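Remarks on the overall topology
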Amino acid sequence: HQGHFRQAVLKLKYRGGTHLIPVMGYLMAEAFLRGPGGLQKPGAVTWVPGHRVRDGQRGYHPAGLLGREVASCLGLRPVNFLERSSGDIQAGLSGRRRAENVAGRFRIRKNMGPIPRSVLLVDDVVTSGATLQECARVLFRAGAEKIYCLTFSTGNPQVFHRQEPL
């Protein structure tokens, strides 16, 4: 999460940089396709739901735009499976506080039907991994058996080395 990648995320999140979505989504899709061997084609692409206040200020949800673009690039179905209840905005919180802040904040949206066995979960950036872990936990409880997490940038490369189920 430095250099051009950091600048792209900051522009997207805080300076109306939605014109970056096609390039960012393409790069994310390519990264997924070039990922470790044995990746199954997911049944759908979903994304981490945004914070109502922050998304309302922006007028759009970065992770949702990226998720739809990644789905389009991969020829997969984009589905907004998750919703978020209120809570503090994650930016600026410590790792422990982030985990506490998102615990129990996500749920499957009503009338979604069955969750595919494998899901690609998209977000713009991962810092502590707490939000992705909580969203994945909800998707597992709803019936998903395999969840791939894909972000444009990371503030903590060790998050990606997790192999055990969440």
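Residues numbered from 1 in each chain as written. Predicted model: local features only at pLDDT ≥ 70, side-chain atom pairs only at ≥ 80, totals over all residues. Heavy atoms only, no water.

Re the nonpolar core
Soluble, globular proteins show a tendency: their nonpolar side chains are buried together. How we decide: By nonpolar core we mean a set of buried residues, namely Ala, Val, Leu, Ile, Met, Phe, Trp, Tyr and Cys, connected to one another through side-chain atoms within 4.5 Å. We call a residue buried when its accessible area falls under 20% of the maximum for its residue type, exposed when it is over 50%, and partly exposed in between, using a 1.4 Å probe and counting protein chains only. Contacts were defined at the residue level, with two residues in contact if any of their heavy atoms lie within 4.5 Å.
Counting 24 residues, the largest nonpolar core has Met-24, Met-28, Leu-66, Leu-74, Leu-120 and Val-122 as the members making the most contacts within it. Not counting residues up to four positions away in its chain, the partners in contact with Met-24 are Ala-8, Val-9, Leu-12, Leu-66 and Phe-152.

Regarding a nonpolar patch on the surface
Let me state the cut-off plainly: To count toward a patch, a residue needs a relative accessible area above 30% and no salt bridge. Like charges then connect within 9 Å, nonpolar side chains (Val, Leu, Ile, Met, Phe, Trp, Tyr) within 5 Å. Surface accessibility in these figures is a Shrake-Rupley result with a 1.4 Å probe; residues are shielded only by whichever protein chains are displayed. Criterion for a salt bridge: a side-chain nitrogen of Lys or Arg within 4 Å of a carboxyl oxygen of Asp or Glu. Each helix corresponds to a stretch of at least 4 residues labelled H or I by DSSP, and each strand to a stretch of at least 2 residues labelled E; elements are numbered beginning at the N terminus.
Taken together, the side chains of Phe-5, Val-23, Tyr-26 and Leu-27 make up a nonpolar region of the molecular surface, amounting to roughly 400 Å² of accessible area. It is helix H2 (residues 21-33) that contributes the most residues to the nonpolar patch, three residues altogether. Relative to the helices and strands, Val-23 resides in helix H2.

Description of the packing of H2 against helix H4 (residues 62-74)
Operational definition: Only C-alpha atoms enter the line fits that serve as axes; for helices the fit covers just the stretch in contact. Angles between N-to-C directions range over 0 to 180 degrees. Roughly parallel means an angle under 35 degrees; roughly antiparallel means over 145; roughly perpendicular covers 65 to 115; every other angle is labelled oblique. In this scheme the crossing of two helices becomes right-handed for a clockwise turn of the near helix relative to the far one and left-handed for an anticlockwise turn of less than a right angle. All residues other than Ala, Val, Leu, Ile, Met, Phe, Trp, Tyr, Cys, Pro, Asp, Glu, Lys and Arg, Gly among them, are scored as polar; the first ten of these are nonpolar and the last four charged.
The contact between H2 and H4 brings their axes to 8 Å, and the two run at 60°. Between H2 and H4, the angle is such that the two are oblique. H4 is crossed by H2, and the crossing has right-handed handedness. Residues Ile-21, Pro-22, Met-24, Gly-25, Tyr-26, Met-28, Ala-29, Phe-32 and Leu-33 of H2 lie in contact with H4, whose contacting residues are Pro-62, Leu-65, Leu-66, Glu-69, Val-70, Cys-73 and Leu-74. Looking at side-chain class alone, the contact of H2 with H4 contains 14 nonpolar, one polar and one charged residues.

Concerning unusual backbone geometry
Even without glycine at this site, Asn-111 takes up a positive phi of about 60°. Mapped onto the fold, Asn-111 is located in the loop between strand E3 (106-108) and strand E4 (118-126). Using a relative accessible area of 81% as the deciding quantity, one classes Asn-111 as exposed.

What about the pattern of salt bridges?
Evaluation of the coordinates by the stated rule reveals four salt bridges. One salt bridge connects Glu-30 with Arg-34, and the closest N-O pair in it is separated by 3.1 Å. The exposure class of Arg-34 is exposed, given its relative accessible area of 67%. Across the pair Arg-117 and Glu-145 runs a salt bridge, and its minimum N-O distance is 3.0 Å.

Let's talk about the environment of Gly-17
Relative to the helices and strands, Gly-17 is located in the loop between helix H1 (3-14) and H2. In this structure Gly-17 comes out as buried when scored by relative accessible area, which is 0%. Taking the C-alpha atoms as reference points, Gly-17 and Pro-62, separated by 45 residues in sequence, lie 9.3 Å from one another. Setting aside residues no more than four positions away along its own chain, Gly-17 makes contact with Lys-11, Leu-12 and Tyr-60.

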